[in-house]
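Here's the letter readout for the chains.
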Amino acid sequence: EDQVTQSPEALRLQEGESSSLNCSYTVSGLRGLFWYRQDPGKGPEFLFTLYSAGEEKEKERLKATLTKKESFLHITAPKPEDSATYLCAVQTYYNNNDMRFGAGTRLTVKP
Amino acid sequence: DAMVIQNPRYQVTQFGKPVTLSCSQTLNHNVMYWYQQKSSQAPKLLFHYYDKDFNNEADTPDNFQSRRPNTSFCFLDIRSPGLGDAAMYLCATSRDRGGYEQYFGPGTRLTVT
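Now for a description of the structure that goes with this document.

About the thresholds
Residues numbered from 1 in each chain as written. Chains lettered and ligands numbered in written order. Predicted model: local features only at pLDDT ≥ 70, side-chain atom pairs only at ≥ 80, totals over all residues. Heavy atoms only, no water. Buried < 20%, exposed > 50% of the residue type's maximum accessible area, 1.4 Å probe, protein only. Helix = DSSP H or I, 4+ residues; strand = E, 2+ residues; numbered from the N terminus. Pairing = 2+ DSSP bridges. Salt bridge = Lys/Arg side-chain N within 4 Å of Asp/Glu carboxyl O. Contact = heavy atoms within 4.5 Å. Buried area = accessible area lost by both parts, 1.4 Å probe. Polar contact = N/O pair within 3.5 Å; in protein donor to acceptor, adjacent residues only side chain to side chain. Nonpolar A, V, L, I, M, F, W, Y, C, P; charged D, E, K, R; others polar. Core = buried A, V, L, I, M, F, W, Y, C linked by side-chain atoms within 4.5 Å.

## Digging into the pairing of strand 7 (residues 64–67) of chain B
Looking along a regular strand, one sees side chains alternate from face to face of the sheet. Residue and element names in this part refer to chain B. On strand 7, burial follows the alternation: F64 and S66 on one face are buried, whereas Q65 and R67 on the facing-out side are not. The pairing of strand 7 with strand 8 (residues 73–78) spans 4 bridges and is antiparallel. Residue F64 lies in a different strand from strand 8, and its bridge partner there is I78. The hairpin turn running from strand 7 into strand 8, its antiparallel successor, is 5 residues long.

Following this line, the structure appears as structure tokens:
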């Protein structure tokens, strides 16, 4: 069965303290891996799509990378406004292209 | 701005009283999805429409139904809500299936009393 596991569940950083969030996956036929940001009480906001191992995408302080088994979301010099839950999700060729989400990493950045 | 809109944002219903949640989109996307998200959990796909073609997840209870009368609108009907159905309900759209990102609405928080 396809599995998506995110770690850590929660992460507390000081402003400016860089770190990485992990998304490991066990799926057959990865079609795409997606990163979303979700603020409390709101819907997820799309950040990145990665399609193949070795691919990288960047946006402001965020950089997403992909290997054959996992993806990392690197946060460089985070600010308090980066506090949110970060979700990763995978699509495969064999599951009607439905998106399976991980449980997320809850990031808190203290000033 | 093109977007996904959900109404209402908060819905309170009584145990067993039918409720309908609505979603509209101005993105002109082919696919519309309904997810259920409980506190601190991953969004769980209930079903999706690919154009007019309805696709139900195998473990979605029969209590949940959906309608898509046109490209722009999609409804989630909960026929007899139970206490366990209290959750955030998220509507999402994508241009097509297969490799395309999904765009989410703000969600409807359902409370069952």
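Once the structure has been displayed, the description carries forward.
## What to know about the pattern of salt bridges
All names here are of chain B. This model, assessed by the stated rule, comprises 6 salt bridges over all chains. A salt bridge links K44 to D59; the nearest nitrogen and oxygen atoms lie 3.4 Å apart. With K44 in strand 5 (residues 44–50) and D59 in the loop between strand 6 (53–56) and strand 7, this residue pair connects regions lying 15 residues apart in the sequence.

## What to know about unusual backbone geometry
Glycine aside, the phi torsion of most residues is negative, and most peptide linkages are trans. Residue P8 of chain A is reached from S7 of chain A by a cis peptide bond, and omega for that bond is -10°. As for its placement among the helices and strands, P8 of chain A is situated in the loop between strand 1 (3–7) and strand 2 (10–14). Residues N7 of chain B and P8 of chain B are joined by a peptide bond in cis, for which omega reads -10°. Within the secondary structure layout, P8 of chain B lies in the loop between strand 1 (4–7) and strand 2 (10–13). With a phi close to 60°, S40 of chain B is a non-glycine residue in the positive phi region. Relative to the assigned elements, S40 of chain B resides in the loop between strand 4 (31–37) and strand 5. Backbone geometry places D51 of chain B, a non-glycine residue, at a positive phi of 60°.

## Side note on the interface of chain A and chain B
The interface is formed by 20 residues belonging to chain A together with 22 residues belonging to chain B. For the chain A and chain B pair, buried surface summed over both sides reaches about 1600 Å², with 50% attributable to carbon and sulfur atoms. Counting the contacts that link chain A with chain B gives 0 salt bridges. Linking chain A with chain B are 6 residue pairs in polar contact (both at pLDDT 80 or more), by the criterion used here. At the level of secondary structure, the elements contributing two or more residues to the side of chain A that touches chain B comprise strand 4 (30–38), strand 5 (45–50), strand 9 (84–92) and strand 10 (99–101) of chain A. The biggest single contributor to the side of chain A that touches chain B is strand 4 of chain A, with 4 residues. When grouped by side-chain class, the residues that make up the side of chain A that touches chain B number 9 nonpolar, 8 polar and 3 charged.

## Some points on the environment of T105 of chain A
Assignment of secondary structure puts T105 of chain A in strand 11 (residues 105–110). Note: C-alpha distance between T105 of chain A and T85 of chain A (20 residues apart in sequence) is 5.4 Å.

## So, the nonpolar core
All names here are of chain A. By size, the foremost hydrophobic cluster in this structure holds 23 residues, and its most contacted members are W35, L73 and Y86. Taken together, the elements giving at least two residues each to this core come down to strand 2, strand 3 (19–26), strand 4, strand 5, strand 7 (62–66), strand 8 (70–75), strand 9 and strand 11. Examining the composition of this core, we find that 4 residues originate from one element, strand 9, more than from any other.

By themselves these figures say nothing about function.
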